[in-house]
Structure formats: structure tokens, C-alpha cells
Amino acid sequence: MDEKTKLKKVMDLIDKLAEPDDSDDIARLELEIREITGKSDLSANECKEYWGWTSLEELAKRFLLPTPQAQGLSDEELAIIVEKIANVEYSESEMDYQLDVLAKETGLINVSDYIFYPNLIGLELNADVQEIIDKILADRMR
């Protein structure tokens, strides 16, 4: 199945899981979406009222992205990710994925605070991107 077909199929499954009717078998739909995405922990609950916080396409893309793993990224690679997030160069689903990558790489479970609310981690609210990068690199768990 090509990527475009997968995206369409996952979008269809999300819609069915978001508002199942009596004829839908939720367990079967969950199994199908898990098989397509390769994510055994996806559930119908993650599809409920998705329209209140994201679009159907972005949720499907999020489901199709791989599970983030620590890869031993260099400081420069981490800096590029932070800069792209800060400059809104990623789509919503890609940004969430890259925030998860940063959390895995740095051990900082609140890494999004560093970028979006730097005042919560000891920087000025209007801190520049380089200050944020430096703080993330200084505070990361080794």
C-alpha cells in the first residue's frame, strides 16, 4: 500500500472510530488501524472529537509517523530541530513528532516549555532561539 493510500485509509478509519455507528465493530477497526500504522497501542479514544484540536489529515499523519527513538543526535542536529520548531517550519504532526524526538534525545520531558514558554525554565519569555538551544543542551540528561 503506497503512502497516499495509507493516509486515506487511516483517515477513513479515524472517522469511523471518532463516531462509530451501531454497525461498526470498534475492536475490528482498532485492529485495522494498528496494522496499517504499526502502532499496537492506538485506540478509538485517540480519535474521539479530534476536530476539537486537530484536523483529520494531521491526526492520520501523526498516526503514520514512526515512534520516536533516541538516535544519538549531535548538538548541531538537535539545534536544527529546535530552530525549525521555533520558526514553525514543521506541520503540526511533524512538530509533535520532533518534540518527542527532542524529549527522547535530551531526557527533558518538558522540552516544549523551553521553546514555547522559556520563562518557565529560567529564560526571558522573548528569549532568542540560540539561548533556548543553549539552555536545552545545558539541561539535558546525560
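Further up the page is the structure itself.
Residues numbered from 1 in each chain as written. Predicted model: local features only at pLDDT ≥ 70, side-chain atom pairs only at ≥ 80, totals over all residues. Heavy atoms only, no water.

So, about the side chain of Lys39. Mapped onto the elements of the fold, Lys39 is located in the loop between helix H2 (26–37) and helix H3 (56–64). Despite its burial, Lys39 pairs with no opposite charge; the closest candidate is Asp41, at 6.9 Å N-O. The contact partners of Lys39, leaving out residues within four places of it in the chain, are Arg34, Arg62, Phe63, Leu65, Pro66 and Thr67. (Helix = DSSP H or I, 4+ residues; strand = E, 2+ residues; numbered from the N terminus. Buried < 20%, exposed > 50% of the residue type's maximum accessible area, 1.4 Å probe, protein only. Lys, Arg positive; Asp, Glu negative; His and termini not counted. Salt bridge = Lys/Arg side-chain N within 4 Å of Asp/Glu carboxyl O. Contact = heavy atoms within 4.5 Å.)

Summarising the element assignment, Gln98 is placed in helix H5 (residues 92–106). Look at Gln98 and you get buried, because its relative accessible area is 15%. Here Gln98 is in contact with Ile81, Ile85 and Tyr90, once residues within four sequence places are set aside.

A few words now on the environment of Asp139. Tracing the backbone shows Asp139 in helix H7 (residues 129–139). For Asp139, the residues in contact, after removing those within four places along its chain, are Leu108 and Tyr114.

Let's shift gears to the pattern of salt bridges. In the structure shown here, the tally under the stated rule is 10 salt bridges. Measuring nitrogen to oxygen at the nearest pair gives 3.9 Å for the salt bridge that ties Glu30 to Arg34. Placement of both Glu30 and Arg34 in helix H2 is noted, with a separation of 4 residues, approximately one turn of the helix. What makes Arg34 partly exposed here is its relative accessible area of 26%. Connected through shared salt-bridge partners, Lys9, Arg28 and Glu32 make up one network.

This part is about the environment of Asp24. Tracing the chain through its elements places Asp24 in the loop between helix H1 (3–18) and H2. With 112 residues separating them in the primary sequence, Asp24 and Ile136 have C-alpha atoms 46 Å apart.

What follows concerns H5. The end-to-end C-alpha separation of H5 is 21 Å, in line with the 21 Å expected for 15 residues at 1.5 Å each. Every buried residue belonging to H5 is among Ser93, Tyr97, Gln98, Leu99, Val101, Leu102, Glu105 and Thr106, and all of these are buried. The inward-facing, buried residues of H5 contact H3, helix H4 (75–86), helix H6 (111–116) and H7. One or two positions beyond H5, positive phi appears at Gly107, with a value near 80°. (Expected span 1.5 Å × (residues − 1).)

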